[in-house]
Structures are given as C-alpha cells and as structure tokens.
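Residue strings, one per chain:
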Amino acid sequence: MQTIDRNEIAKDINAKIAGLGRNINTNWELGFEKGQVITLEKQESWTDGGAFTVCNDCPVEYNFEIENEVPCHVVDYDNENEVIALGAEDCEDEKEVLLPSGTKLEVVYGEDASDNEEMGYYTVIFRYVEEEK
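Residues numbered from 1 in each chain as written. Predicted model: local features only at pLDDT ≥ 70, side-chain atom pairs only at ≥ 80, totals over all residues. Heavy atoms only, no water.

Draft legend 1. Region of interest: the overall build of the protein chain. Within the protein chain, the secondary structure is distributed over 3 helices and 9 strands. Element order for the protein chain, N to C, with α for helix and β for strand: α-β-β-β-β-β-β-α-β-β-α-β. The C-alpha radius of gyration computed for the protein chain amounts to 15 Å, which stays within 12% of the reference 14 Å derived for 133 residues, consistent with globular compactness. Dimensions along the principal axes, computed over C-alpha positions, put the protein chain at roughly 50 × 40 × 20 Å. Expressed as a percentage of its 133 residues, the buried residues of the protein chain come to 34%. Taking the intrachain contacts of the protein chain between residues at least 6 apart in sequence as the baseline, contacts between residues at least 24 apart amount to 79%. When the accessible surface of the protein chain is summed, it comes to about 8200 Å², and 44% of that surface belongs to carbon and sulfur atoms. Averaging the locations of the 10 positively and 32 negatively charged side chains of the protein chain gives two centres separated by 8 Å. (Helix = DSSP H or I, 4+ residues; strand = E, 2+ residues; numbered from the N terminus. Rg over C-alpha atoms; globule rule 2.2 N^0.38 Å. Buried < 20%, exposed > 50% of the residue type's maximum accessible area, 1.4 Å probe, protein only. Contact = heavy atoms within 4.5 Å. Areas by Shrake-Rupley, 256 points an atom, 1.4 Å probe, with all protein chains shown as cover. Lys, Arg positive; Asp, Glu negative; His and termini not counted. Charge placed at Lys NZ, Arg CZ, Asp CG, Glu CD.)

Draft legend 2. Expanded view of the environment of Ile17. One can find Ile17 in strand S1 (residues 15–17). In this structure Ile17 comes out as buried when scored by relative accessible area, which is 15%.

Draft legend 3. Molecular detail of the pattern of salt bridges. Using the criterion set out here, one finds 3 salt bridges in the structure. Taking the shortest distance from any N to any O, the salt bridge between Glu106 and Arg127 comes out at 2.3 Å. Here Glu106 is found in strand S8 (residues 104–109), whereas its partner Arg127 is found in strand S9 (residues 122–129), with 21 residues between them in sequence. (Salt bridge = Lys/Arg side-chain N within 4 Å of Asp/Glu carboxyl O.)

Draft legend 4. Just the pairing of strand S6 (residues 70–74), in detail. Counting buried positions along S6 gives 4 out of 5 residues, so the element sits mostly inside the fold. Relative to strand S7 (residues 96–99), S6 runs antiparallel, the two being bridged by 2 bridges. Across the sheet, His73 pairs through a bridge with Leu98, a residue of S7. (Pairing = 2+ DSSP bridges.)

Draft legend 5. Fine view of the layout of surface pockets. Its boundaries defined by the atoms lining it, the largest pocket holds a volume of some 420 Å³. Taken together, 21 residues form the lining of the largest pocket, with Arg22, Ser45, Trp46, Phe52 and Glu96 sitting closest to its centre. Secondary structure elements with two or more residues in the lining of the largest pocket: strand S2 (20–26) and strand S4 (44–47). Broken down by class, the residue content of the lining of the largest pocket amounts to 7 nonpolar, 7 polar and 7 charged. In terms of lining residues, the second largest pocket is bounded by 13 residues, among which Leu30, Phe32, Ile38, Glu44 and Phe64 are the most central. When grouped by side-chain class, the residues that make up the lining of the second largest pocket number 9 nonpolar, 1 polar and 3 charged. (1 Å grid on protein atoms, 1.4 Å probe; cavity = no way out; pocket = protein on both sides within 12 Å on 5 of 7 lines; lining within 4 Å. Points joined across faces, edges and corners; volume = space filled by probe spheres on them. Nonpolar A, V, L, I, M, F, W, Y, C, P; charged D, E, K, R; others polar.)

Draft legend 6. Structural view of the packing of aromatic side chains. Taken as a whole and assessed by the stated rule, the structure comprises 8 aromatic pairs. With a centroid separation of 5.6 Å and 85° between ring planes, the pair formed by Phe32 and Phe64 is classed as edge-to-face. Residue Phe32 is found in the loop between S2 and strand S3 (37–39), and its partner Phe64 is found in strand S5 (residues 60–66); the two are separated by 32 residues along the sequence. A relative accessible area of 11% means that Phe32 is categorised as buried. Judged by centre distance (5.6 Å) and plane angle (90°), the rings of Phe32 and Phe126 are edge-to-face. Placement of the pair is Phe32 in the loop between S2 and S3 and Phe126 in strand S9, with a sequence separation of 94 residues. Relative accessible area serves as the criterion here: at 1%, Phe126 is assigned to the buried category. Ring-pair connections join several aromatic residues into one group, and the members of that group are Phe32, Trp46, Tyr62, Phe64, Tyr122 and Phe126. (Phe/Tyr/Trp six-rings, centres within 6.5 Å; stacked < 30°, edge-to-face > 60°.)

See the structure below:
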C-alpha cells in the first residue's frame, strides 16, 4: 500500500479560496512589515472558517488572513487515506485547507502594536502573489 504525506496532499490543488485564516502562538514577535514577501518553506494548514484551537501556551498570538484567492487543497474528510495521512480524524469542524510549499504571500497589513494592545493579538493580512509564467 502506497502512503501519501502532507506535502503530496498540499500539492494536489483542488480549490482557489479567498479569506483563508490561520492562528498561531509564538514566543516572540515575528516582525511582519507591509510589503514583505514570504515564501512558505513547507506546506501549511489554514482554514476556511473552521474551528481550530492553537495547542500551545506561547505568549504572542497572531491572526493571519489571506485577502485574495489562493490555490489550495481543501481536505476531503470523506477520503480515509487522506484523513489518516493528515492525522485529521474527527476534525471536520476545522475545515482544514493546505497551502503547498513555495506559496508566496505579500504582507498588506503588518504587525501593529495597537492591535495587540486592544485585542491581545496581532492581525497580519496577506495577499497571494501569483507565480509569473
């Protein structure tokens, strides 16, 4: 039986979705600045409005959003092999979406200290940057 991994699944693009979100907690500020372009070094889990709980107690919280459509893989919770490979059993509420490594995102709204002071977390908004062909 051939096994699949997260990277293979993430590369199997089956949707283009705007408004994806992701929450993370870190030990320090990441320093996102407007205009900065990042390239994902590995696949990442995002969500299309699902219920996801960050499972660490790191003190610095981030709420990420991608404002435009981005090619992605929407997890198929009816595909047992995919769900097992992702460790996503009984996680349908998360509405997980995978972005493949190499995805480029430009910061359109970077870290603002007032966000953290008022809301207790930083909001960072990205725009997907399409690959030139």
